[in-house]
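# Understanding the architecture of this molecule
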Amino acid sequence: MIISSWNVNSVRARINNIKEYLKKSSPDIVMMQEIKTEEKNYPFDEFKSLKYESYVFGQKSYNGVAFISKSKLSNIKQNIFKDKMKQSRIISGELTHKKKKINLINIYTPNGNPVDTEKYDYKLYWLDSLIKKLKSLLKTNENIIIAGDFNIIPSAEDVHDPKGYENDALYRIEIRKKLREMYNLGFHDAFRYIYPDKEEYTFWDYTSGAWQKNNGMRIDHFLVTNSLLKNIKDVKINKYPRGREKPSDHTPIELELT
């Protein structure tokens, strides 16, 4: 089974790129972030024509998360914790794989820049709310996969210029500590679990030739619980879509489960 996570930066603007990716890579599930549309304008039929069902938590022009899946997902929940800003940033669902009921959580964490503003405070609040919810969920199901655009650079190996990002909301130490709090709950960075030393990125800015120079960062992640580690066959960052015409500034990351 292939589960993909991709910040598509507008599902309607990237629909041709997304469909090409689905035809070329054929993932079983795609967890999309920043779809930037309400449900009423979401391209359900485009995905249905490729045998994918959609589960959507949209928002007009901003944010928004969705699953597209070849098989039916159950227990779909939007906004699994209270968000004081009422933004569409999290959706969850369940699937059964090898007799395990897995809780899939698709997230789009606030960016948080500029630091020392209400945007940064909101990011901290949002991450704290997520961590609190994860603690609760783990009491009833040990099989959890969280994926999405975390807007967190885990370590110096995950960004082209760590010094330049020391005071950025994606790399500030207190933000990275929030990620470590998730690790301490029993989650593992799936990419690092398979590739402890590999330097690869999932995001390249549109400006300054970042893609051409490979000036990127790894901010899109899969976190999996201890109980699922033995099911991980591979984790790949698929760079092909980022090199296409009119791409998202992110590229898909793919978790392969046995």
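Look up a bit, the structure's there.
Note that this is a predicted model, so its numbers are computed, not measured.

## Observations concerning the sheet that holds strand 7 (residues 100-108)
- Ordered in space as 5-6-7-8-12-9, the 6 strands form an open sheet in which the pairing is mixed. Every other strand in the sheet has two partners, leaving strand 5 (74-78) and strand 9 (187-189) as the edge strands with one partner each. Mean inter-strand twist for the sheet, computed between neighbouring axes without regard to direction, equals 20°.
- Alignment of strand 9 against strand 12 (residues 220-225), held across 3 bridges, turns out to be antiparallel.

## Looking at the packing of aromatic side chains
- Here the structure, examined in full by the defined rule, presents 7 aromatic pairs.
- Ring geometry for Tyr42 against Phe44: centres 4.6 Å apart, planes inclined by 65°, an arrangement best described as edge-to-face.
- The structure contains a cluster of three or more aromatic residues connected by ring pairs, namely Tyr42, Phe44 and Phe47.
- Between the NZ or CZ atom of Lys84 and the centre of the ring of Tyr125, over which it lies, the distance is 4.4 Å.

## Focus on the sheet that holds strand 3 (residues 53-57)
- Spatially, the 6 strands line up as an open sheet ordered 3-4-2-1-14-13, and their pairing is mixed. Every interior strand has two partners, whereas the edge strands, strand 3 and strand 13 (232-237), have only one. Within this sheet the neighbouring strands show an average axis-to-axis angle of 15°, counted without direction.
- For strand 1 (residues 2-7) and strand 14 (residues 253-257), the ladder comprises 4 bridges, and the chain directions are antiparallel. Bridge pairing in strand 14 places Ser4 opposite Glu254.
- Along the sheet, helix 1 (residues 15-25) makes contact with strand 1, strand 2 (29-33), strand 4 (65-69) and strand 14, crossing strand 1 at roughly 160°.

Definitions and limits used
- Residues numbered from 1 in each chain as written.
- Predicted model: local features only at pLDDT ≥ 70, side-chain atom pairs only at ≥ 80, totals over all residues.
- Heavy atoms only, no water.
- Pairing = 2+ DSSP bridges.
- Helix = DSSP H or I, 4+ residues; strand = E, 2+ residues; numbered from the N terminus.
- Axes fitted to C-alpha atoms, helices over the stretch in contact; angles between N-to-C directions.
- Phe/Tyr/Trp six-rings, centres within 6.5 Å; stacked < 30°, edge-to-face > 60°.
- Lys NZ or Arg CZ within 6 Å of the ring centre and 35° of its normal.
- Contact = heavy atoms within 4.5 Å.

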